[in-house]
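# Structure assessment
Listed below are the residues making up each chain.
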Amino acid sequence: MYRMGFRMVLESRPEFDVVAEADDGDTAVELLRSVAADVVLMDVRMPRMDGVEATRRIRAEDGPRVLVLTTFDLDEYAYDAIRAGASGFLLKDAPFEELAAAITHVRLGDAVVAPSTTRRLLDRFAALPPAPEEPRAREAAAMLARLTAREHEVLRLVARGRSNAEIAAALVIAEGTVRVHVSRILAKLGLRDRVQAVVLAYETGVVEVGRD
């Protein structure tokens, strides 16, 4: 039902073309080996192969960017999908204009980190038992020392889900300057996009859930 609904609303807009559908992760991975797509809308719970593993395989094969669809009850799965390479997450019941904007942002190479869902996601993740520290996280923690004081400020605000405009207003700097800072942060930390920056900031303690 969700898939049918998404297809109907997307095909009602001239800028979108639904090129394929799959009812499980295994089929999605196989389809994308022969069908060209710019963005994948990925559910997290599916038969045969879930959305997390499907996202990991699609990105490992240099496939299209993935936008994860989630509900409040499945936030920890969305977190896992982001770590697997997804470019963001969106609620299944998000307004169509928000969905359309998210797809466009992801297609252009941006990440979608909605502040409201970011907070719920991180609150849910914080309640889980801590995972063993991973080599990538340890390496990133060491690289944090390369950031300037201003870049640390920007990273903290990015991790809070702030937009470039909101960061600019908070730090009283130009929005273009914020974009430069974000680009430098991603380059210094070896990150792909803002989603990875959010995850890394919480994993390394730059920002803690429940603290501003």
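Okay, so let's go over this structure. Here the structure is a predicted model, which is why all the values come from computation and not from measurement.

## Some words on the environment of Val106
- By secondary structure assignment, the location of Val106 is in helix H5 (residues 96-107).
- Note on Val106: relative accessible area 0%, which makes it buried.
- Taking the C-alpha atoms as reference, Val106 lies 7.9 Å from Gly88; in sequence the two are 18 residues apart.
- For Val106, the contacting residues outside a window of four places in its chain are Val39, Arg65, Leu67, Ser87 and Val112.

## Some details on the packing of helix H8 (residues 149-159) against helix H9 (residues 164-171)
- Across the interface, H8 lies against H9 with an axial gap of 10 Å and an inter-helix angle of 130°. Our classification of the angle between H8 and H9 gives oblique. Crossing angle aside, the handedness with which H8 passes H9 is right-handed. Residue-level contacts link Arg150, Glu153, Val154, Leu157 and Val158 of H8 to Ile167, Ala170 and Leu171 of H9.
- Partitioning the contact of H8 with H9 into residue classes produces six nonpolar, no polar and two charged.

## Focus on H5
- Helix length check: H5, at 12 residues, gives a terminal C-alpha distance of 16 Å against a target of 16 Å (1.5 Å per residue), a fit within 8%.
- Turning to H5, its buried residues number three or more, namely Leu99, Ala100, Ala102, Ile103 and Val106. An end-on view of H5 places all buried positions within 160° of arc, on one side of the element.
- The positive-phi residue at the C-terminal boundary of H5 is Gly109, with phi of around 100°.

## Things to note about a nonpolar patch on the surface
- Where nonpolar side chains cluster on the molecular surface, the patch consists of Met4, Met8 and Val9 and spans about 310 Å² of accessible area.
- With respect to the helices, strands and loops of the structure, Val9 is situated in helix H1 (residues 2-11).

## Describing unusual backbone geometry
- Unlike most non-glycine residues, Asp62 shows phi in positive territory, near 60°.
- Position of Asp62 among the secondary structure elements: in the loop between helix H3 (51-60) and strand E2 (65-70).
- The residue Val172 is not glycine, and still its phi comes out positive at about 55°.
- With respect to the secondary-structure elements, Val172 resides in the loop between H9 and helix H10 (175-189).

## Side note on the nonpolar core
- Within the largest apolar cluster, 24 residues are counted, with the highest numbers of intra-cluster contacts made by Val154, Leu155, Val158, Ile167 and Leu189.
- At the level of secondary structure, the elements contributing two or more residues to this core comprise H8, H9, H10 and helix H11 (194-203).
- Once residues lying within four places of it in the same chain are set aside, the contact partners of Leu155 are Leu144, Leu147, Ile185, Leu189, Ala197, Ala201 and Val206.
- By size, the runner-up hydrophobic cluster in this structure holds 20 residues, among which are Val52, Val66, Tyr79 and Ala111.

## Thoughts on the pattern of salt bridges
- Summed over the entire model, instances satisfying the criterion amount to 15 salt bridges.
- Across the pair Glu53 and Arg56 runs a salt bridge, and its minimum N-O distance is 2.6 Å. Separated by three residues within a single helix, Glu53 and Arg56 lie in helix H3, roughly one turn from each other.
- With a relative accessible area of 25%, Glu53 lands in the partly exposed category.
- Since its relative accessible area comes to 38%, Arg56 is described here as partly exposed.
- The closest approach of N and O atoms between Glu151 and Lys188, which form a salt bridge, is 2.9 Å.

## Points about H9
- Buried residues of H9: Asn164, Ile167, Ala168 and Leu171, and no others. Taken end-on, H9 shows its buried residues confined to a sector of 100°, consistent with a single buried face. Residues Ala169 and Ala170 are exposed on H9 and point more than 90 degrees away from its buried face.
- Those residues of H9 that are buried lie in contact with H8, H10 and H11.
- One or two residues past the end of H9 sits Val172, with phi positive at roughly 55°.

Calculation criteria
- Residues numbered from 1 in each chain as written.
- Predicted model: local features only at pLDDT ≥ 70, side-chain atom pairs only at ≥ 80, totals over all residues.
- Heavy atoms only, no water.
- Helix = DSSP H or I, 4+ residues; strand = E, 2+ residues; numbered from the N terminus.
- Buried < 20%, exposed > 50% of the residue type's maximum accessible area, 1.4 Å probe, protein only.
- Contact = heavy atoms within 4.5 Å.
- Axes fitted to C-alpha atoms, helices over the stretch in contact; angles between N-to-C directions.
- Parallel < 35°, antiparallel > 145°, perpendicular 65-115°, else oblique.
- Left-handed = near helix turned anticlockwise from the far one by under 90°.
- Nonpolar A, V, L, I, M, F, W, Y, C, P; charged D, E, K, R; others polar.
- Expected span 1.5 Å × (residues − 1).
- Arc of directions from axis to C-beta.
- Patch = residues over 30% accessible without salt bridge, like charges linked within 9 Å, V, L, I, M, F, W, Y side chains within 5 Å.
- Areas by Shrake-Rupley, 256 points an atom, 1.4 Å probe, with all protein chains shown as cover.
- Salt bridge = Lys/Arg side-chain N within 4 Å of Asp/Glu carboxyl O.
- Core = buried A, V, L, I, M, F, W, Y, C linked by side-chain atoms within 4.5 Å.

Remember, this is a structural readout, not a statement about activity or role.
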